[in-house]
Amino acid sequence: MKLHGYYRSSTSYRLRIALELKGLDYEYVPVNLLTSEQKGQAFTSRNPFGSVPLLEADGRDRAQSMAQLEWLDEAYPENPLLPADVEYRYTARELAYAIATELHAPLNLPVLKYLANEYGKSQDEIGVWYRHWLARTLEPLEARLAQLGTGDFLFDKPGFFEVCLLPQVYNAQRFAFDFGAMPHITRIEQACLALPAFQRAHPDNQIDNPERK
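Residues numbered from 1 in each chain as written. Predicted model: local features only at pLDDT ≥ 70, side-chain atom pairs only at ≥ 80, totals over all residues. Heavy atoms only, no water.

The next subject is the overall build of the protein. A tally of helices and strands in the protein yields nine helices and four strands. Scanning the protein from its N terminus toward the C terminus, one meets helices and strands in the order β-α-β-α-β-β-α-α-α-α-α-α-α. Taking 213 residues into account, the globule formula puts the C-alpha radius of gyration at 17 Å, and the protein, at 17 Å, falls close to it. Principal-axis analysis of the C-alpha atoms gives the protein an extent of 45 × 45 × 35 Å. Across the protein, contacts joining residues at least 24 apart in sequence account for 67% of those joining residues at least 6 apart. Here the protein displays about 10800 Å² of accessible surface, and carbon together with sulfur accounts for 50% of that area. In the protein, the 22 positive side-chain charges and the 28 negative ones have mean positions that sit 3 Å from each other. (Helix = DSSP H or I, 4+ residues; strand = E, 2+ residues; numbered from the N terminus. Rg over C-alpha atoms; globule rule 2.2 N^0.38 Å. Contact = heavy atoms within 4.5 Å. Areas by Shrake-Rupley, 256 points an atom, 1.4 Å probe, with all protein chains shown as cover. Lys, Arg positive; Asp, Glu negative; His and termini not counted. Charge placed at Lys NZ, Arg CZ, Asp CG, Glu CD.)

Shown next as structure tokens:
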């Protein structure tokens, strides 16, 4: 199994966490988004979406991180990301897809480049854009977690929701988003980062991170 991704890509980060939580061996293959390697013919011939992650598994190239996560849970049922109870599965999906569908699209690298290149927006102005859309989803997400009375994780262990949450929190912190009024999200993030699976998947520890020690 090979995971083609970029160290700071939130979707690549999702897959790294999932593979680590499920205990699956994989080879990490860096794809440089800053040089648009994912848009080159060699890559798009395998993934027409021209995006990461690309998961090379069981004789097939698989695109789109949320579909990859669901496939991993079905193809490799040990250490499931989704709980057995149908209502718990719904709750995990409700929160995870809020992040994946409401935040990833407006905050993705191509959008941020478009704002800079086509509209001449400064980094400070792009930061305002970024934090606005984060608040639009993370504030109700925090409220839902409060309603559910969550502890260190959404359920008894990290899974589908945490796989999506941690990369988004990481990116939000890069853009100086204030989590001061979000104790549930903060607690879950801290509990996850204390676990070896999340530490191994973290962008700081990837071979394509230029600041990796």
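By secondary structure assignment, the location of Pro30 is in strand β2 (residues 27–30). The class of Pro30 is partly exposed, set by a relative accessible area of 33%. Pro30 sits 18 residues away from Ser12 along the chain, and the two C-alpha atoms are 10.0 Å apart. Leaving out residues up to four positions away in the same chain, Pro30 has contacts with Gly5, Glu37, Ile207 and Asp208. (Buried < 20%, exposed > 50% of the residue type's maximum accessible area, 1.4 Å probe, protein only.)

Look at helix α4 (residues 86–102) against helix α6 (residues 123–148): their axes get within 10 Å of each other, and the N-to-C directions meet at 170 degrees. By the angle class used here, α4 and α6 are roughly antiparallel. Taken together, the residues of α6 that come into contact with α4 (itself represented by Thr91, Glu94, Leu95, Ala98, Ile99 and Glu102) are Thr137, Leu141, Arg144, Leu145 and Leu148. Taken together, the residues of the contact of α4 with α6 break down into six nonpolar, two polar and three charged. (Axes fitted to C-alpha atoms, helices over the stretch in contact; angles between N-to-C directions. Parallel < 35°, antiparallel > 145°, perpendicular 65-115°, else oblique. Nonpolar A, V, L, I, M, F, W, Y, C, P; charged D, E, K, R; others polar.)

What follows concerns the sheet that holds β2. Overall, mixed pairing links the four strands, which are arranged β2-β1-β3-β4 in an open sheet. What marks the edges here is a single partner per strand, and that holds for β2 and β4 (60–62). Averaged over all neighbouring strand pairs, the angle between strand axes comes to 20 degrees, with direction disregarded. On the sheet, helix α1 (residues 10–22) packs against β1 (2–5), β2 and β3 (54–57) and is oriented at approximately 155 degrees with respect to β1. (Pairing = 2+ DSSP bridges.)

Moving on: α6. With 26 residues, α6 extends 37 Å from end C-alpha to end C-alpha; this agrees with the ideal 38 Å at 1.5 Å per step. Ala135 marks the point of greatest bend in α6, at about 30 degrees. Along α6, the residues classified as buried are Ile126, Gly127, Tyr130, Leu134, Ala135, Thr137, Leu138, Leu141, Glu142 and Leu145. Buried residues belonging to α6 abut α4, α5 (109–119), α7 (160–174) and α8 (183–193). In the stretch just after α6, Gly149 is the one whose phi turns positive, near 65 degrees. (Expected span 1.5 Å × (residues − 1). Bend = angle between axes of the 7 residues up to and from the residue.)

As a further point, take the nonpolar core. The biggest cluster of nonpolar side chains holds 60 residues, and the ones touching the most others in it are Leu69, Leu138, Phe161, Leu165 and Ile185. With nine residues, α7 is the single largest residue contributor to this core. (Core = buried A, V, L, I, M, F, W, Y, C linked by side-chain atoms within 4.5 Å.)

Examined against the element boundaries, Lys22 turns out to sit in helix α1. When near neighbours in sequence (up to four residues on either side) are disregarded, Lys22 contacts Leu72, Asp73, Tyr76, Pro77, Glu78, Asn79, Pro80 and Leu81.

What follows deals with the pairing of β2. In this sheet, β2 lies alongside β1 in parallel orientation, the contact comprising four bridges. Opposite Leu3, over in β2, you have Tyr28 as the bridge partner. Regarding the hand of the β-α-β motif, the stretch spanning β1, α1 and β2 is right-handed. (Right-handed = clockwise from strand over helix to strand, strands pointing away.)

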